[in-house]
Amino acid sequence: MFGVDTCAWAHQEALGKLGPYAYVLTTLSPQGPAQTPSPAMAFTLFAVVPGAGQLYTGRALPAALFAFAEALAWLGVAYYRAQGQKAFERVHACARQHWSVVRYAQWLNGYSGQ
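Residues numbered from 1 in each chain as written. Predicted model: local features only at pLDDT ≥ 70, side-chain atom pairs only at ≥ 80, totals over all residues. Heavy atoms only, no water.

### Considering the packing of aromatic side chains
Pairs of aromatic rings are described using the distance from one ring centre to the other and the angle between the two planes.
Then, number 1: The tally for this structure, following the rule as stated, stands at 4 aromatic pairs.
Then, number 2: Judged by centre distance (6.2 Å) and plane angle (40 degrees), the rings of Trp99 and Tyr104 are tilted.
Then, number 3: Judged by relative accessible area, Trp99 falls into the exposed class, the value being 54%.
Then, number 4: Both rings, one in Tyr104 and one in Trp107, keep their centres 6.0 Å apart while their planes meet at 25 degrees; by these two values the pair is stacked. With a gap of 3 residues between them, Tyr104 and Trp107 both fall in helix H6 (residues 101-110), about one helical turn apart.
Then, number 5: Of the residues examined, Tyr104 reaches a relative accessible area of 41% and is grouped as partly exposed.
Then, number 6: In this structure Trp107 comes out as exposed when scored by relative accessible area, which is 52%.
Then, number 7: Feature note: the residues Trp99, Tyr104 and Trp107 constitute an aromatic cluster, connected by ring pairs. (Phe/Tyr/Trp six-rings, centres within 6.5 Å; stacked < 30°, edge-to-face > 60°. Buried < 20%, exposed > 50% of the residue type's maximum accessible area, 1.4 Å probe, protein only. Helix = DSSP H or I, 4+ residues; strand = E, 2+ residues; numbered from the N terminus.)

### Looking at the confidence of the model for the chain
Then, number 1: Confidence in the prediction of the chain, expressed as mean pLDDT, is 79, and 68% of residues score 70 or more.
Then, number 2: Per-element mean pLDDT across the chain ranges from 47 in helix H2 (residues 21-27) up to 95 in helix H5 (residues 60-98).
Then, number 3: Here residues 21-30 is modelled with pLDDT under 50, and outside its nearest four sequence neighbours on either side it reaches 4 contacts, counting other chains as well. (pLDDT = per-residue confidence, 0-100. Contact = heavy atoms within 4.5 Å.)

Shown next as structure tokens:
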């Protein structure tokens, strides 16, 4: 792969071919001068939306993996919450069908505490 020195050399070569317009094109470009992404901003974006910090720093693959993992985790939460609610309803249905205040009082009166 290309190292940093190779990229810097290619950039300098391209600017050399532009001649006197190189300075104007690099300083007055609508995108502005290239800046290093802020670690604080990347962390803040990641904390708000998983994967956004990686996308901010230009790392699309890790951003997609983090976003996919987050979505998968939330789907798991929704699924297991629904399963828990169904089990809760089954237990309550069974209790309503089989529980009796009279039988409970009879059992309580016969309870010796040992």
